[in-house]
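# Observations on the three-dimensional arrangement
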Amino acid sequence: MKMRNKQRKSSAFCCNAGSRCSLPVVVWSLVGCILMIHLYSVIRQNDDENIQARLKHLAITRELEEVEEESFHMPPPRGRRSPRAVKRRGPRKPPSVIDEFLDDSSELRNFFFPDRRTVIDPSREGNDSMHYYPGRQWLDTDGNPIQAHGGGLLYVESTATYYWYGENKDGETYHAHKRGAARVIVSAVSVNQVDIIGVSCYSSKDLWTWTNKGIVLPGEETNITHDLHKSNVLERPKVVYNDRTGQYVMWMHIDDVNYTKASVGVAVSNSPTGPFEYLYSQRPHGCESRDMTIFKDEDGKAYLIYSSEDNSELHVGPLTDDYLDVTGVVRRILVGQHREAPALFKYEGTYYMITSGCTGWAPNRALAHAAESIMGPWETMGNPCVGGNRIFRTTTFFSQSTFVVPIMGLPGSFIFMADRWNPAELRDSRYVWLPLSVGGAADEPLEYNFGFPLWSRVSIYWHRRWRLPVGWKGVQT
Ligand code: GAL
């Protein structure tokens, strides 16, 4: 009897033809099946979505990474030499592209500094809306050329607004007297200067339309002993927000007209649009400091990076918790490499930096560097410039690095910000903004270590005209 019961019980789990199935089992089996199918389709859908997202990302970044070529014809050498001069000094050498770039009467002038007719004007609707044209004049929302040279951006999350701070050079350019041995290569025009007008601030929601918020740190008109007296030098201002103190802190290069003071200045404000209160200047760690930048890391620590020892090396050191001073900790990096105009960024735990050589206002070849720790050691990877032509690539597209901005929502994609200095008329210096990516294709052989590339490739792609992807999340359409 017991045996029979057992058999009957167990037969309830099988559903052979002819035997009776229990209803709950059928129902649960069906529910199970439906759940399995649902789970499968959710996973498939997620996979599909991931693949779609990846494809979309690839399509978007491919557009940014398109390689564009450039060509231009060098004008023939100007003026003939007399037969006697030819005998003595040989035939006149054709001018170099840099000579042409620095010569404001060059036939190529309009190529390097396109005139007002080609201006980027955000108030004009049409095909050019949202498009960057590196090197063209760029107007703010009042219709005036943007004055924010040697600048950097700050993103304020609470208002989803970008602020662009930079040197206002809207004054007369004059030839300052020769500076000391501070510069490694001093070209004839590199001593051109403008009085300190101040630090400008512009705001934007889309990184293309910029509203002038005015001069947030003005130069000093009368007090000749003041660091910001108009006869001095204020360059490369960078602003970071301190989460602990709730203050916006500005660091900048402070110098005299001969570049012998070689210091950093610090200013603070409770608002991103100022006014900033100038606190003081110092030689950080007791060392000369010329071109510089500030980098705020994900953990809230901020660092000062500056060219030192006659610009032959860079120094990097953390700031105090309030960002108002340096600490005693500092490292020498890229020693003997003579680099300046540092622009730092971080991607997937690796620190990257773009720098220029030291040739005053004249453009030169950029280099990309990488490090596992911001304090070094830093390794030099090579020239990141891709496209244009050889001359474009060896002159950083006729510009000099100042800042690198991450493009939100597009991991690995950044905007490289640079200045195309116009030494004859510094206020008319142009902005060269281009897409930068980490992990792109190599244009030149990389440095290899036992056959393996040490770091992901950093590439800056030349574009005559480009835009951020349509529908990019910071873009209001
Ligand atoms: C550059 C430097 C600029 C400015 C210029 C003056 O090398 O990056 O910020 O100082 O020299 O000649």
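Procedures and definitions
Residues numbered from 1 in each chain as written. Predicted model: local features only at pLDDT ≥ 70, side-chain atom pairs only at ≥ 80, totals over all residues. Heavy atoms only, no water. Helix = DSSP H or I, 4+ residues; strand = E, 2+ residues; numbered from the N terminus. Buried < 20%, exposed > 50% of the residue type's maximum accessible area, 1.4 Å probe, protein only. Contact = heavy atoms within 4.5 Å. Areas by Shrake-Rupley, 256 points an atom, 1.4 Å probe, with all protein chains shown as cover. Pairing = 2+ DSSP bridges. Axes fitted to C-alpha atoms, helices over the stretch in contact; angles between N-to-C directions. pLDDT = per-residue confidence, 0-100.

## What about the overall build of the protein chain?
- Looking only at helices and strands, one finds six helices and 27 strands in the protein chain.
- The 477 residues of the protein chain split such that 51% are buried.
- Long-range contacts, defined as pairs at least 24 residues apart, comprise 55% of the intrachain contacts of the protein chain with a sequence gap of at least 6.
- In the form shown here, the protein chain has an accessible surface area of approximately 23,400 Å², with 54% of it arising from carbon and sulfur atoms.

## Some words on the sheet that holds strand S13 (residues 302–308)
- An order of S12-S13-S14-S15 is seen for the four strands of this open sheet, with the pairing classed as antiparallel. A single partner strand is all that each edge strand has here, and the edge strands are strand S12 (292–296) and strand S15 (331–333). The mean angle between the axes of side-by-side strands here comes to 25°, regardless of whether they run parallel or antiparallel.
- Bridge count for S12 against S13 is five bridges, and the pairing is antiparallel. Within S13, the residue paired with isoleucine 294 across the bridge is leucine 304.

## Brief notes about the pairing of strand S2 (residues 149–156)
- Burial analysis of S2 places seven of its eight residues in the buried class, the great majority of the element.
- Sheet analysis places S2 next to strand S3 (residues 161–168), joined by six bridges and oriented antiparallel. Paired with leucine 154 across the two strands is tyrosine 163, which belongs to S3.
- Linking S2 back to S3 in an antiparallel pair, the connection comprises four residues, with alanine 160 at a positive phi of about 50°.

## Here's the deal with the sheet that holds strand S16 (residues 340–347)
- With antiparallel pairing, four strands are arranged side by side in an open sheet as S16-S17-S18-S19. The strands lining the two open edges of the sheet, one partner per strand, are S16 and strand S19 (379–382). Averaged over neighbouring strand pairs, the angle between their axes works out to 30° when direction is ignored.
- Across three bridges, strand S18 (residues 367–371) lies against S19 in antiparallel orientation. Residue pairing across strands places histidine 369 opposite threonine 380, the latter belonging to S19.

## As for the confidence of the model for the protein chain
- For the protein chain, per-residue confidence averages 86 on the pLDDT scale, and residues scoring 70 or more make up 84% of the total.
- When the criterion is pLDDT under 50, residues 1–19 qualifies, and its contacts beyond four places in sequence or with other chains add up to two contacts.
- In this model residues 179–189 is a low-confidence stretch, pLDDT under 50, and it forms 27 contacts with partners more than four residues away in sequence or in other chains.

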